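# Structural overview
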Amino acid sequence: MTYHPKIAPWPEEFAGLLPVSEVFYSQQGEGRFAGVSAVFVRLKYCNLGCSWCDTRFTWEEGKIEQGALFSASDLADRAANLIASSETIPKNVHVVLTGGEPMLHQDRLPMLIEKLGGRGFHFFEIETNGMFVPSREMVKRISWWNCSPKLTNNGLARESNIVREALHAIAATDRADFKFVVQKRADLEEIARDFEPLIGAENIMLMPEGITPQSQLAAMPWLMEECSRRGYRFSPRLQVLAWGNQRGR
């Protein structure tokens, strides 16, 4: 099942709980904070379902795992336990809320962030497709927005991928980067036409599409050159270079 908020409300039995796919300790692989140690909280369900999605196990029928509903307190405990035996100082460890699409759950995320703050975490990233206008509570509590608007290379129509009000609201926080998964040079024209006027070239990052180190390395040279030419920034996908498409990385 792909949960879509325009089709049905969130099931009542999930009230106050978060559907969790996995929680793990690793390094942020993408964006401004690439290389920073982080606890990842990966939530289930997505409103899109991109053709090249590398986390289909969070939303696709037949692949999504059932169960695993956590309260904010239990999930915060689980996150804290991941680093309890390490020498890492919690204030130096980010929490990355990811998915799926974590903004499907934004009504419950402020409580999770509050509980995580009580366990010693101080910096909260969220990875979102930029299709949901953030609540006032989310704007206040999220430290950095890693927004990845989808291009039509995801197999969906343009109107299925873009919500201008949401992109404007995220950009207005002044705590956001906008990362685009690029397959081919034509994708760059789509970014320049449909997104650059909304968010500015200085906020755009390009990432190569691909789930193997080989595919990443093959695309990096020309994509980095395009970043220099267009005034964009390049983002690596370190987790793919190091581990391919392995889960929990």
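Before reading on, note that the structure itself is shown above.
Residues numbered from 1 in each chain as written. Predicted model: local features only at pLDDT ≥ 70, side-chain atom pairs only at ≥ 80, totals over all residues. Heavy atoms only, no water.

### Some thoughts on the overall build of the protein
A tally of helices and strands in the protein yields eight helices and nine strands. Computed over the C-alpha atoms, the radius of gyration of the protein is 17 Å, within 12% of the 18 Å expected from 2.2 N^0.38 for a compact globule of 249 residues. For the protein, the C-alpha atoms occupy an extent of roughly 45 × 45 × 35 Å along the three principal directions. Looking at the protein as a whole, 53% of its 249 residues are labelled buried. For the protein, the share of sequence-separated contacts (at least 6 apart) that also reach a separation of at least 24 residues comes to 72%. Carbon and sulfur atoms form 51% of the exposed surface of the protein, whose accessible area is close to 11,100 Å². Positive and negative charge centroids in the protein, built from 28 and 30 side chains respectively, lie 2 Å apart. (Helix = DSSP H or I, 4+ residues; strand = E, 2+ residues; numbered from the N terminus. Rg over C-alpha atoms; globule rule 2.2 N^0.38 Å. Buried < 20%, exposed > 50% of the residue type's maximum accessible area, 1.4 Å probe, protein only. Contact = heavy atoms within 4.5 Å. Areas by Shrake-Rupley, 256 points an atom, 1.4 Å probe, with all protein chains shown as cover. Lys, Arg positive; Asp, Glu negative; His and termini not counted. Charge placed at Lys NZ, Arg CZ, Asp CG, Glu CD.)

### Quick notes on the pairing of strand β7 (residues 176–182)
Where a strand is regular, its side chains alternate between the two sheet faces. The element β7 is extensively covered by neighbouring structure, given that seven of its seven residues are classed as buried. Across the two faces of β7 the burial is the same, with Ala176, Phe178, Phe180 and Val182 and Asp177, Lys179 and Val181 all buried. Pairing of strand β6 (residues 144–147) with β7 involves three bridges; the strand directions are parallel. By the bridge assignment for β7, asparagine 146 is matched with aspartate 177. Pairing analysis gives five bridges linking β7 to strand β8 (residues 204–208), with the strands arranged parallel. Across the sheet, phenylalanine 178 pairs through a bridge with isoleucine 204, a residue of β8. (Pairing = 2+ DSSP bridges.)

### Points about the nonpolar core
A general tendency of soluble globular proteins is for nonpolar side chains to be buried together. Counting 63 residues, the largest nonpolar core has Leu97, Phe121, Phe180, Ile191 and Leu206 as its most contacted members. Per element, the largest residue contribution to this core is six residues, and it comes from helix α1 (residues 72–83). Setting aside residues no more than four positions away along its own chain, leucine 97 makes contact with Val41, Pro102, Leu109, Leu112, Ile113, Glu125, Ile126, Glu127 and Ile142. (Core = buried A, V, L, I, M, F, W, Y, C linked by side-chain atoms within 4.5 Å.)

### A look at the layout of surface pockets
Empty space within the largest pocket amounts to approximately 750 Å³. Elements that contribute at least two residues to the lining of the largest pocket include exactly β1 (18–27), β2 (37–43), β5 (123–128), β7 and α8 (238–243). Ranked by residues supplied to the lining of the largest pocket, first place goes to β1 with three residues. Here the residues of the lining of the largest pocket sort into 12 nonpolar, 17 polar and 12 charged. (1 Å grid on protein atoms, 1.4 Å probe; cavity = no way out; pocket = protein on both sides within 12 Å on 5 of 7 lines; lining within 4 Å. Points joined across faces, edges and corners; volume = space filled by probe spheres on them. Nonpolar A, V, L, I, M, F, W, Y, C, P; charged D, E, K, R; others polar.)

### Concerning the pattern of salt bridges
Inspection of every chain in the model, using the stated rule, returns 16 salt bridges. Connected via shared salt-bridge partners are Arg185, Glu189, Glu226, Arg229 and Arg230. (Salt bridge = Lys/Arg side-chain N within 4 Å of Asp/Glu carboxyl O.)

### A word on unusual backbone geometry
Only a minority of non-glycine residues have a phi that is not negative, and only a minority of peptide bonds are not trans. In this model, glycine 99 is joined to glycine 100 through a cis peptide bond whose omega is 15°. Within the secondary structure, glycine 100 is located in the loop between β4 (94–98) and α2 (109–118). Even without a glycine there, the phi angle at aspartate 174 is positive, about 60°. If you trace the backbone, aspartate 174 turns up in the loop between α4 (164–171) and β7.

### Here we look at the packing of aromatic side chains
Counted under the stated rule, the structure contains four aromatic pairs. Arranged with centres 5.9 Å apart and planes meeting at 85°, the rings of phenylalanine 33 and tryptophan 144 form a pair that is edge-to-face. Note that phenylalanine 33 is positioned in the loop between β1 and β2 and tryptophan 144 in strand β6, a separation of 111 residues in sequence. The buried category is assigned to phenylalanine 33, whose relative accessible area is 16%. Take tryptophan 144: its relative accessible area is 12%, and that puts it in the buried class. An aromatic cluster is defined as three or more aromatic residues linked by ring pairs; in this entry it consists of Phe33, Phe123 and Trp144. (Phe/Tyr/Trp six-rings, centres within 6.5 Å; stacked < 30°, edge-to-face > 60°.)

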